[in-house]
Amino acid sequence: MHRFFTNEIQPNTAVVRGDDVKHIAKVLRLRAGDCVQLCDGRGNECDASIASVSSDAVTFDTQLWRKAATEPETEVTLFQCLPKAGKMETIIQKCVELGACGFVPVQSERCVVVLKPPYEGRIERWQRVSEEAAKQSRRGVIPWVSLPAPLNGLDFSRLDTVLVAFENEHTVSLKTALRERCGKRVAIVIGPEGGFSDAEIETLIQKGARTVSLGTRILRTETAGMAMLAQILYEVEP
Ligand code: SAM
């Protein structure tokens, strides 16, 4: 069934506006009476039927809202050091499909890309990538993308577990760390193409992070986050 996000919700009715109107009316050619799923973007979904279609809005009759079945219990935020051009889009798209709840682009010492303000255009583009991936993968939320943050200014205070993927960690595997302790709100931190400096690893540890290995092979920065996210949700989700 087709699925759309909306935040215009009232008892028994909801409205979808914007680009989705054209998609519903012209591309999918849905008409009054056709059924879809609606999602409020905050983890709730409902079955709905089209009541009316106009040039700028589609109005739905909604049934009971329920918790979206597609959201993991564990909220994983990806702190991704800025990769080379174009890779961030792929990382966001794939990690939304896999179940990430949000993204923090991180500026670190060895990032080839240095983002300069104003950041809004780029963040909006990444947020659109997240929304498209959320629709496609039937997520119950649209994962957020924050403004870029410098590595030494990262704030982990609202997170239960912070895991830094570090290829020079030869003792603690991801699996070991997760089995020892894993809270509901997990951060994963991935270095750029050139990796983290020793000083950055020290900074992250002082902020409460734990370094983990993802195995003996070195993964590209765009692979590491996806692999780590998939393994975390495999390990901790029922
Ligand atoms: N510059 C490093 C080197 O050549 O040895 C590799 C950096 S790697 C391409 C980019 C990031 O992916 C790393 O900073 C780390 O966060 C993560 N990563 C890749 N492979 C990993 C592994 N086997 N274990 C833990 N983290 C890994």
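Residues numbered from 1 in each chain as written. Predicted model: local features only at pLDDT ≥ 70, side-chain atom pairs only at ≥ 80, totals over all residues. Heavy atoms only, no water.

J.: When you look at helix H3 (residues 120–136) in this model, what are you seeing that I'm missing?
T.: Since the α-helix advances by 3.6 residues per turn, residues separated by three or four positions end up pointing in the same direction. For H3, built from 17 residues, the straight-helix expectation of 24 Å at 1.5 Å per residue is met to within 8% by its first-to-last C-alpha distance of 24 Å. Within H3 the residues assigned to the buried category are Ile123, Trp126, Val129, Ser130, Ala133, Ala134 and Lys135. Residue Arg138 follows H3 closely and has a positive phi angle near 65 degrees. (Helix = DSSP H or I, 4+ residues; strand = E, 2+ residues; numbered from the N terminus. Expected span 1.5 Å × (residues − 1). Buried < 20%, exposed > 50% of the residue type's maximum accessible area, 1.4 Å probe, protein only.)

J.: Explain the site of the ligand here, please?
T.: Near the ligand you find 19 residues, and of these Ala165, Leu214, Gly215, Arg217 and Leu219 are the closest. With respect to the ligand, the backbone of Phe166 contributes an N or O atom lying 3.3 Å from a nitrogen atom. For the ligand, whose accessible area on its own is 580 Å², the fraction buried by protein is 82%. Split by residue class, the shell around the ligand holds ten nonpolar, six polar and three charged. (Near = heavy atom within 4 Å. Polar contact = N/O pair within 3.5 Å; in protein donor to acceptor, adjacent residues only side chain to side chain. Areas by Shrake-Rupley, 256 points an atom, 1.4 Å probe, with all protein chains shown as cover. Nonpolar A, V, L, I, M, F, W, Y, C, P; charged D, E, K, R; others polar.)

J.: Looking at this structure, I do not really get the domain arrangement of the chain. What am I missing?
T.: Many analyses report the size of an interface as the accessible area lost when the parts associate. Considered domain by domain, the chain is made up of domain 1 (3–67) and domain 2 (75–236). The partner domain 2 presents seven residues to the nine residues of domain 1 that form the contact. Between domain 1 and domain 2 lies a buried interface of about 600 Å² when both sides are counted; carbon and sulfur atoms form 60% of it. The interface formed by domain 1 and domain 2 includes one salt bridge. With its nearest N and O atoms 3.2 Å apart, the salt bridge here joins Lys135 to Asp20. Seen at the junction of domain 1 and domain 2, the total is four residue pairs in polar contact (both at pLDDT 80 or more). Of the residues in the side of domain 1 that touches domain 2, the class split is two nonpolar, three polar and four charged. (Domains from an automatic or database assignment. Contact = heavy atoms within 4.5 Å. Buried area = accessible area lost by both parts, 1.4 Å probe. Salt bridge = Lys/Arg side-chain N within 4 Å of Asp/Glu carboxyl O.)

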